[in-house]
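A closer look at the structure
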Amino acid sequence: QVQLVESGGGLVQPGGSLRLSCIASGNILSINTMGWYRQAPGKERELVATIISGGSTNYVDSVKGRFTISRDNAKNTVYLQMNSLKPEDTAVYYCNAELRTVYSHRYLKFWGQGTLVTVSS
């Protein structure tokens, strides 16, 4: 009953920008933390950025100053604005949400299916 759908990935040149969106839908009661992860070819999945319901954010060191995470609580949507993109940012980006549903009174983590970001000239 819960689905997270990412959009906004694509091909961009180094130094360019992309904005990723993730919409959570279903029998959602509330959302605590939302975040973005990524997995590059041959590497483990890593946490990129998180944002809690109160607005506090955290970023992996490699994207600080370049990426900005934000959310629209009314729309159950999280965004990732990516500026000054580098080839090493190339990865599949996954949306994550820690939320409660009508079937669970505790917070559980849900994942989107991912969107591919390719940074290349």
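In this report, we go over the structure that sits alongside the text. Model, not experiment: these values are computed from the prediction.

**Side note on the environment of Arg66**
Of note, Arg66 is situated in the loop between β6 (57-59) and β7 (67-72). Distance from Arg66 to Thr50, taken between C-alpha atoms, is 14 Å for residues 16 residues apart in sequence. The residues touching Arg66, leaving out its near neighbours within four places in the chain, are Gln81, Met82, Asn83, Ser84, Leu85, Lys86 and Asp89. From its side chain, Arg66 meets the backbone oxygen of Ser84 in a polar contact 3.0 Å long.

**Observations regarding the pairing of strand β5 (residues 46-51)**
Regular strands place their side chains on alternate faces of the sheet. Sheet topology note: the strand β4 (residues 28-39)/β5 ladder contains five bridges and is antiparallel. Bridging across to β5, Tyr37 finds its partner in Leu47. In sequence, β4 turns back onto β5 through a hairpin of six residues, with Gly42 there showing a positive phi of about 75 degrees. As judged from the three bridges shared by β5 and β6, these two strands associate in the antiparallel manner. Among the inter-strand pairings, Ile51 is bridged to a residue of β6, identified as Thr57. Two successive antiparallel strands, β5 and β6, enclose a turn made up of five residues, where Gly55 displays a positive phi of approximately 105 degrees.

**Thoughts on the pattern of salt bridges**
The tally for this structure, following the rule as stated, stands at four salt bridges. Among the salt bridges present, the one from Arg38 reaches Asp89, with a minimum N-O distance of 3.0 Å. Of the two residues, Arg38 sits in strand β4 while Asp89 sits in the loop between β8 (77-82) and β9 (91-101), which places them 51 residues apart along the sequence. A relative accessible area of 1% places Asp89 in the buried class. Residues Asp61 and Lys64 are paired through a salt bridge, measuring 2.9 Å at the closest nitrogen-oxygen approach. With a relative accessible area of 61%, Asp61 lands in the exposed category.

How each quantity is defined
- Residues numbered from 1 in each chain as written.
- Predicted model: local features only at pLDDT ≥ 70, side-chain atom pairs only at ≥ 80, totals over all residues.
- Heavy atoms only, no water.
- Helix = DSSP H or I, 4+ residues; strand = E, 2+ residues; numbered from the N terminus.
- Contact = heavy atoms within 4.5 Å.
- Polar contact = N/O pair within 3.5 Å; in protein donor to acceptor, adjacent residues only side chain to side chain.
- Pairing = 2+ DSSP bridges.
- Salt bridge = Lys/Arg side-chain N within 4 Å of Asp/Glu carboxyl O.
- Buried < 20%, exposed > 50% of the residue type's maximum accessible area, 1.4 Å probe, protein only.

In short, the description is geometric, and any link to function would need to be established separately.
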